[in-house]
Amino acid sequence: MTISSPLRTLDRRRFLALAGGTFGVLAAGQLTEALSARAAELDPAPFTLGVASGDPDHHSVVLWTRLVPDPLDAETGGMPATPVEVRWEVARDESFRQVVAGGTVSALPESAHTVHVLVEDLAPDRWYWYRFQYEGTYSRTGRTRTMPPPGAKADHMRFAFVSCQSWTGGAYPAYRDLAEQDLDFVLHLGDYIYETADGSLTEFRRLHALYKTSAELRAAHARFPFIVTWDDHEVQNNYAADVPGGAGDGRPFLERRANGYQAYYEHLPLRPEQRPAGPDALMYRRVSFGKLAEFSVLDTRQYRTDQAYGDGRKEPGPEVWNPQRTMTGPEQEQWLLNNLKDSKARWNVVAQQTIMAAFDYDLGPGKIVNLDQWDGYAGARARILDFVDQHDVTNPVVLSGDWHTHWVNDLKTDFDDPTSPVVATEFVGTSISSGAGWDADVRAGLVANPHVKFYNGTYRGYVICDVTRDRWRADLRIVLKGNDAASPAFTIAAFEVRDGRPGARRIDAGDGLVGRISDRVTAKALANVRVTVTASDGTRVADVTTDTTGEYLAFAPPGQYTVAVNGVGYEPATATATVRAGTQTRGDVTLVRAAVRAGTGRPVPGPQSQAAATDLTLSNSMLSLALSAGSQDPQLPGVTLGKPLDLAAVGHLDQLDWMNLPYASASQPRGSNAWQQLTVRSTALEVLSAGGPTAAARATGASTQVPDIEVITTFTLGDNDPWVSAESVFTNRGTTARTFWLGDVLDHDGAGQRSGVAGHGTVTASAPADFIPTAPWVGMTGSDGQTYGLIYDDAGFTAYACGIWVMTQRQVTLEPGAAFTLRRRIAAVDNDGAADPFAVLAGL
């Protein structure tokens, strides 16, 4: 039989059809280049998506391929709607002179012409080579291995674990580096694909085909056997059992889940036991590497209880401790506990998806946790860790993914007690390509979580584990640019766990550039300072911030670099550094306190920062405030000029979305979109005083809703002030009296965001409501210990607030020629983790 439409070259239009909208972030030129490169890198048809092996035991392994001459054809892949026979063979040598097994297998249209061959009766603990053949065309040659027999002494094991490979973050240089390593196998802990709104089987098949057009991913599959398990994005983000994680496309969720599971099985080297039956599939299983290690591979999505309190990062309540709540389901949990109790292995590994260690994002006395992780299932976690402690499980190690960042954690039976003994070690691997927009939130919370021994969220990569009977070594690998296939790779750090001693210790500082940023006078370490590393040709190779000890990690290939440092409250500084291969280079920098200044070129560092270097920044030794001199916020179309975009206090990063300051509305703002006031448009922003005792700027504009109302706002900053004074003058330039509403909106987008109104405490409700302040201020805060406030000279206003924004409202009537002046101070201050983070505003 001849395969119809054999694929030799891919035209750009059809490759774009395969990619769908996933290249939307690329410019047109980049898109053309990316598509052409991907098309040229496919394997020979019909084996365009390569080969893979997986789930090895001591005498068998699964081989996989798919006949898909046209992977751009999401419906058929270019194959006829009939079965075809495919030959396979396994040899002891790469030249196939010593073939030990072979046969034919049917590739069926109802399974997208995918092939799963369970090869049995192989010798234990041995490498093999395999390939497929159809009508004279051979696939590429793959390499695989069997495990040491159960109970056999095994002295050494080396493997990698990976997760989270969003296509939009490709081109997978981490897989390129991984394929160059000497490994026994690869563990994939989930998020192999990222779903779209369409949950059809055709769509899931399209995505799996798209992801395997990556030459780097195919190379890794061909070189090592994979042991895989899923997380959420193989079906839908944050789903829990039969509860969807989002609205989806209107399709019944269990139908979506069945489609996701089916496509997952079709495209990965899984055993017959893992074949789904509709929306159900047995994914959890045990894997042994002789007596050296036993792996309990978990499925923490299919059976879990729905997330508590509606999911998200929130304060944990009693529900998270409910003994009926489960991450694994009761049957899988008991299976896991039995594995741990009965195991005779030297190392007992739990390979699963989400972070098991507790993590409190709130620096104050309260707690903010991620309810999708084990923190949302604290009772279930306690049962497992208590069991590990009580049964003296030998050398327990937990491997996790999901959070797109590198972690090394001590696992305890009581995370709230620093003296509680360590009962296990957790290694969390960063993502292959998926971004980590929450990096700054985690870094800010590290000081409140001493059981986290290492964290880095800047880079993409994976983890290599090198294991002997005496020790477990974990090398945390990173690549500089996750979307550059040629990006160099480094070891950011290496940790070791010794036999019989739970808890990891750092043994290798890693490659690259590190340093400490400190105050030149006091030598105090400076946290939350931005460090930008630029190569001699002007290429920016790293953009990171310092941790609570003032340290930063910024990896770069050998060469000469400029290190630029920008911290709130300090004058920017630069230094040079020479990075040499194979060694760690230090680039320590000291900073001096900032003078009062108004000017461009000094952005406010932070995860929410959106002002450009061409926007205007008012700064002193206490805070920095950026005003739009041209940058446009998409939430404030056409009226962003002159608005405060970024704000941070010394020692902190910007967590502000923006301030809609001021507005002038014809009607009283009401409803969930009251914050989006497009009612004052400035036409000019000018510097009145660039420095000296004070710095000042002025925005000139008018109301877009109330005729004849001119609005001029002057911003003034003095030395050592923790606030910027803002005076808005509303003047009626017409001949008719005008009545309107005016005020400001404060919007904070950082972790743990919540509003505050004087006399009413913290506001967390999702629906806005009216409040009468007992003092003339409103505020917002998050989990980073920083409080933002608007402190008014005149108390004659009401507050309208919900948990994620707060606004002030007052009604005025202006006769022709009359003016009203609104005076307030824009504050950013450290609340020192107080139980009431807004109390600090009352003292300003």
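This text follows the structure it describes.
Conventions used here
Residues numbered from 1 in each chain as written. Predicted model: local features only at pLDDT ≥ 70, side-chain atom pairs only at ≥ 80, totals over all residues. Heavy atoms only, no water. Buried < 20%, exposed > 50% of the residue type's maximum accessible area, 1.4 Å probe, protein only. Helix = DSSP H or I, 4+ residues; strand = E, 2+ residues; numbered from the N terminus. Pairing = 2+ DSSP bridges. Axes fitted to C-alpha atoms, helices over the stretch in contact; angles between N-to-C directions. Left-handed = near helix turned anticlockwise from the far one by under 90°. Contact = heavy atoms within 4.5 Å. Nonpolar A, V, L, I, M, F, W, Y, C, P; charged D, E, K, R; others polar. Core = buried A, V, L, I, M, F, W, Y, C linked by side-chain atoms within 4.5 Å. Phe/Tyr/Trp six-rings, centres within 6.5 Å; stacked < 30°, edge-to-face > 60°. Lys NZ or Arg CZ within 6 Å of the ring centre and 35° of its normal. Salt bridge = Lys/Arg side-chain N within 4 Å of Asp/Glu carboxyl O. Polar contact = N/O pair within 3.5 Å; in protein donor to acceptor, adjacent residues only side chain to side chain.

**As for the pairing of strand β47 (residues 786-792)**
- Taking burial as the measure, the seven residues of β47 include seven buried ones, the bulk of the element.
- Burial of β47 is two-sided: the residues Gln786, Tyr788, Leu790 and Tyr792 facing one way and the residues Thr787, Gly789 and Ile791 facing the other way are all buried.
- Taken together, the five bridges between strand β46 (residues 777-781) and β47 define a ladder with antiparallel strand orientation. Note that in β47 the partner of Trp777 across the bridge is Ile791.
- Two successive antiparallel strands, β46 and β47, enclose a turn made up of four residues, where Gly785 displays a positive phi of approximately 80°.
- For β47 and strand β50 (residues 819-830), the ladder comprises seven bridges, and the chain directions are antiparallel. Across the sheet, residue Ile791 finds its bridge partner in β50, namely Arg825.

**Things to note about the packing of helix α4 (residues 201-211) against helix α6 (residues 253-266)**
- At a minimum axis separation of 8 Å, α4 and α6 run at an interaxial angle of 35°. Relative to α6, α4 is oriented so that their crossing is right-handed. Across from Leu201, Phe204, Arg205 and His208 in α4, the residues of α6 making contact are Arg256, Asn259, Gly260, Gln262, Ala263, Tyr264 and Glu266.
- For the contact of α4 with α6, the class distribution of residues is four nonpolar, four polar and three charged.

**As for the nonpolar core**
- Within the largest apolar cluster, 63 residues are counted, with the highest numbers of intra-cluster contacts made by Phe159, Phe295, Leu399, Phe427 and Trp472.
- Counting residues in hydrophobic clusters, the runner-up holds 45 residues, among them Leu661, Ala697, Phe730 and Ile826.

**Describing the packing of aromatic side chains**
- Taken as a whole and judged by the stated rule, the model has 25 aromatic pairs.
- Their ring planes at 80° and their centres at 6.4 Å tell us that Tyr130 and Phe132 sit as a pair that is edge-to-face.
- Its relative accessible area of 0% is what places Tyr130 among the buried residues.
- Accessibility expressed as a relative area gives 0% for Phe132, which makes it buried.
- On the basis of an interplanar angle of 85° and a centroid distance of 5.4 Å, the ring pair of Phe159 and Phe295 is categorised as edge-to-face. Of this pair, Phe159 sits in strand β9 (residues 156-162) while Phe295 is found in strand β13 (residues 293-297), placing the two residues 136 residues apart along the sequence.
- Phe295 gets classed as buried once you look at its relative accessible area, which sits at 2%.
- Ring pairing ties together the aromatic residues Phe159, Phe185, Phe289, Phe295, Trp347 and Trp472, which thus form one cluster.
- Here the basic side chain of Arg325 rests over the ring of Tyr377, its NZ or CZ set 4.6 Å away from the ring centre.
- Taking the ring centre of Tyr800 as reference, the NZ or CZ of Arg670 above it sits at 4.0 Å.

**Section: the sheet that holds strand β37 (residues 656-665)**
- Taken together, five strands build an open sheet; the order of strands is β37-β42-β49-β48-β45 and the sheet is antiparallel. Whereas interior strands pair on both sides, the edge strands pair on one side only; in this sheet they are β37 and β45 (769-771). The mean angle between the axes of side-by-side strands here comes to 20°, regardless of whether they run parallel or antiparallel.
- For strand β48 (residues 798-801) and strand β49 (residues 805-814), the ladder comprises four bridges, and the chain directions are antiparallel. Paired with Ala799 across the bridge in β49 is Thr808.

**Description of the side chain of His748**
- Assignment of secondary structure puts His748 in strand β42 (residues 738-748).
- Excluding anything up to four places from it in sequence, His748 contacts Gln655, Leu656, Asp657, Gln753, Met780, Thr781, Gly782, Tyr788 and Ile804.

**Overview of the sheet that holds strand β30 (residues 573-579)**
- Read across the sheet, four strands follow the order β27-β26-β29-β30 without closing on themselves; strand pairing throughout is antiparallel. Looking at strand neighbours, the two that pair on one side only are β27 (540-545) and β30, the edges of this open sheet. Taking each pair of neighbouring strands and ignoring which way they run, the sheet shows an average axis angle of 20°.
- Examined bridge by bridge, strand β29 (residues 559-566) and β30 share seven bridges and lie antiparallel to one another. By the bridge assignment for β30, Tyr561 is matched with Ala577.

**What about the pattern of salt bridges?**
- In total, this model carries 46 salt bridges according to the counting rule given.
- One salt bridge connects Arg218 with Asp43, and the closest N-O pair in it is separated by 3.1 Å. You can see Arg218 sitting in helix α5 (residues 215-223) and its partner Asp43 sitting in the loop between α2 (28-40) and β1 (51-54), a full 175 residues away along the chain. The residues Arg218 and Asp43 share a single accessibility class, namely buried.
- The closest approach of N and O atoms between Arg498 and Glu496, which form a salt bridge, is 3.4 Å.
- A relative accessible area of 28% means that Arg498 is categorised as partly exposed.
- Residue Glu496 is classed as buried on the basis of its relative accessible area, which comes to 8%.
- It is possible to trace a salt-bridge network through shared partners that takes in Arg158, Asp466, Arg471, Glu496, Arg498 and Arg505.

**Remarks on the side chain of Glu89**
- Take Glu89: it is sitting in strand β3 (residues 84-91).
- Judged by relative accessible area, which is 18%, Glu89 ranks as buried.
- A distance of 2.6 Å separates polar atoms of two side chains, one belonging to Glu89 and the other to Arg131.
- Contact partners of Glu89, with chain neighbours within four places excluded, come to Phe96, Val99, Ala101, Gly102, Trp129, Tyr130, Arg131 and Tyr138.

**Observations concerning the pairing of strand β25 (residues 512-519)**
- Of all eight residues making up β25, seven are buried, and the element is well covered by its neighbours.
- Bridging between β25 and strand β32 (residues 589-591) involves three bridges; their strand directions are parallel. Of the residues in β32, the one forming a bridge with Asp519 is Leu591.

**Let's talk about unusual backbone geometry**
- Cis geometry is found at the peptide bond from Ala45 to Pro46, where omega equals 5°.
- Position of Pro46 relative to the elements: it lies in the loop between α2 and β1.
- In this structure, Pro662 follows Leu661 across a cis peptide bond, with omega equal to -10°.
- Tracing the backbone shows Pro662 in strand β37.
- Despite not being glycine, Asn395 has its phi angle at roughly 45°, a positive value.
- With respect to the helices, strands and loops of the structure, Asn395 is situated in the loop between α8 (378-390) and β17 (396-400).
- In the Ramachandran plot, Ala523 falls in the positive-phi region, its phi being about 65° despite a non-glycine side chain.
- Mapping Ala523 onto the fold places it in the loop between β25 and β26 (530-535).
- By relative accessible area, which is 45% here, Ala523 ends up partly exposed.

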